[in-house]
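Architecture at a glance
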Amino acid sequence: MIQLPHDSNSHKELIANHKTEVIAARLQLAHVHSYLKDFVYGAIDGAVTTFAVVSGVAGAGLSNNVVIILGVANLIGDGFSMAAGNYLGTRAENEQRQKVRSMEERHVAEFPDGEREEIRLIFREKGFEGELLEQVVETITADRTRWVDTMLREEHGLSLETPSALKAATTTFVAFLLIGLLPLIPFLAMYIPGITLSNPYLLSTTMTGGAFFLVGAAKSRFVEAHWSYAGLETLFVGSLAAGLAYVCGVLLGKIA
């Protein structure tokens, strides 16, 4: 039998992560909602859209004043739009979850035998049988909150987390502003006495490219992709958007 080589350090880390106390701490943290995803996607959108505006203006050969005016307008307008969309979407999900919870609580109160049978069928599909199945059903239905939570997860496929719509929107907006501001920094810096840049667009491109890669690498935490691949993918998409905007600027430059 051929044994595949394995990384001893990763194996030790795997063993350490499955100690009882570590598992308990990890499960406890799982109940705390993270807004990192809102930050990452807000940052990606901010960098892509703002740099696309900068590229379009640069392609048209317009002045730095135009770059700043359009860039800042994009930052505020698109950033608020994305934050508002995240707020409304998160709020809608929370309201849907609460609606289903209220419905299940009513069903449990008015028709407990039918709801108990649903629990039985759900766990029978998972492979539980006989006395063990009845013990599982009895344990779950002995607590009303646990009972309803189980119905939300297993029957409706809903998460029990209830993120704050306001925090999600604020995180997205802040990320959009912080990362989306990077493409504009070289152009803004030229208004500081003593600072002269021969090619602010080149510096803007370099800074934004780095931001694309780093934010994309951070995105890998939420997708099944290596951080380097996720970083290069985001860099490619952002560069493509900027390239298209630059070409449009060149083609339409004479209009301006």
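This paragraph deals with the overall build of the protein. For the protein, the helix and strand inventory stands at eleven helices and zero strands. Mapped from its N terminus to its C terminus, the protein presents α and β elements in the order α-α-α-α-α-α-α-α-α-α-α. Here the protein holds 256 residues, and 33% of them are scored as buried. Counting only contacts in the protein whose residues sit at least 6 apart along the sequence, the fraction spanning at least 24 positions is 72%. Just so you have it, the protein exposes about 15900 Å², and 63% of that area is on carbon and sulfur atoms.

The terminal C-alpha atoms of helix α6 (residues 130–141), which comprises twelve residues, lie 17 Å apart, in line with the 16 Å expected from a rise of 1.5 Å per residue. If you check which residues of α6 are buried, you get L133, V136, V137, I140 and T141. The buried residues of α6 occupy an angular sector of 115 degrees when the element is viewed end-on, so they sit on one face. α6 presents E131 and E138 as exposed residues on the side facing more than 90 degrees away from its buried surface. The inward-facing, buried residues of α6 contact α5 (112–125) and α7 (144–154).

Turning our eyes to something else, we now look at helix α8 (residues 165–180). Helix length check: α8, at 16 residues, gives a terminal C-alpha distance of 22 Å against a target of 22 Å (1.5 Å per residue), a fit within 8%. When α8 is considered as a whole, its buried residues turn out to be A165, A168, A169, T171, T172, A175, F176, I179 and G180. Within α8, the buried residues cover an arc of 160 degrees as seen down the axis, which keeps them to one side. In α8, the exposed residues that point more than 90 degrees away from the buried face are L166, K167 and L178. On its buried side, α8 packs onto α3 (36–59), α4 (64–110) and α10 (200–219).

Glancing now at the nonpolar core. V54, V67, I179 and V215 are the most contacted members of the largest nonpolar core, which has 20 residues in total. Going through the elements one at a time, α3, α4, α8 and α10 are the ones with two or more residues in this core. In terms of residue count, α3 provides more of this core than any other element does, eight residues in total. For V215, the contacting residues outside a window of four places in its chain are V40, A43, I44 and I179. Grouped together as the second largest cluster of nonpolar side chains are 14 residues, V108, V148, M151 and L158 included.

In this section: the confidence of the model for the protein. With 88% of its residues at a pLDDT of at least 70, the protein reaches an overall mean of 85. Of the regions scoring below 50 in pLDDT, residues 1–5 engages in zero contacts with residues more than four places distant in sequence or in other chains.

Each pocket or cavity is described by its volume, and for the largest pocket that value is around 290 Å³. Every residue lining the largest pocket is counted, 15 residues in all, and those nearest its centre are K37, D38, N86, T90 and E93. Of all the secondary-structure elements, those providing two or more residues to the lining of the largest pocket are α3, α4 and α8. Of the residues assigned to the lining of the largest pocket, the class counts are four nonpolar, six polar and five charged.

Before going further, it helps to spend a moment on the packing of α3 against α8. Direction vectors running N to C along α3 and α8 enclose 40 degrees, while the axes themselves pass 7 Å from each other. Read as a crossing pair, α3 and α8 show a hand that is right-handed. Note on element contacts: α8 touches α3 through A168, T171, T172, A175, F176, I179 and G180, opposite D38, F39, G42, A43, D45, G46, A47, T49 and T50.

Inspection of the secondary structure puts L251 in helix α11 (residues 227–252). For the pair L251 and G59, spaced 192 residues apart in sequence, the C-alpha separation works out to 8.2 Å.

Applying the stated rule across the entire model yields six salt bridges. The salt bridge involving R91 is made with E95; its shortest N-O contact spans 3.3 Å. Here R91 and its partner E95 are both found in helix α4, four residues apart, which amounts to about one turn of the helix. R116 is paired through a salt bridge with D113; the nearest N and O atoms lie 3.2 Å apart. Separated by three residues within a single helix, R116 and D113 lie in helix α5, roughly one turn from each other. Take D113: its relative accessible area is 55%, and that puts it in the exposed class. Overlapping salt bridges bring together E117, R120 and E134 as one network.

Reading the values: rules and limits
Residues numbered from 1 in each chain as written. Predicted model: local features only at pLDDT ≥ 70, side-chain atom pairs only at ≥ 80, totals over all residues. Heavy atoms only, no water. Helix = DSSP H or I, 4+ residues; strand = E, 2+ residues; numbered from the N terminus. Buried < 20%, exposed > 50% of the residue type's maximum accessible area, 1.4 Å probe, protein only. Contact = heavy atoms within 4.5 Å. Areas by Shrake-Rupley, 256 points an atom, 1.4 Å probe, with all protein chains shown as cover. Expected span 1.5 Å × (residues − 1). Arc of directions from axis to C-beta. Core = buried A, V, L, I, M, F, W, Y, C linked by side-chain atoms within 4.5 Å. pLDDT = per-residue confidence, 0-100. 1 Å grid on protein atoms, 1.4 Å probe; cavity = no way out; pocket = protein on both sides within 12 Å on 5 of 7 lines; lining within 4 Å. Points joined across faces, edges and corners; volume = space filled by probe spheres on them. Nonpolar A, V, L, I, M, F, W, Y, C, P; charged D, E, K, R; others polar. Axes fitted to C-alpha atoms, helices over the stretch in contact; angles between N-to-C directions. Left-handed = near helix turned anticlockwise from the far one by under 90°. Salt bridge = Lys/Arg side-chain N within 4 Å of Asp/Glu carboxyl O.

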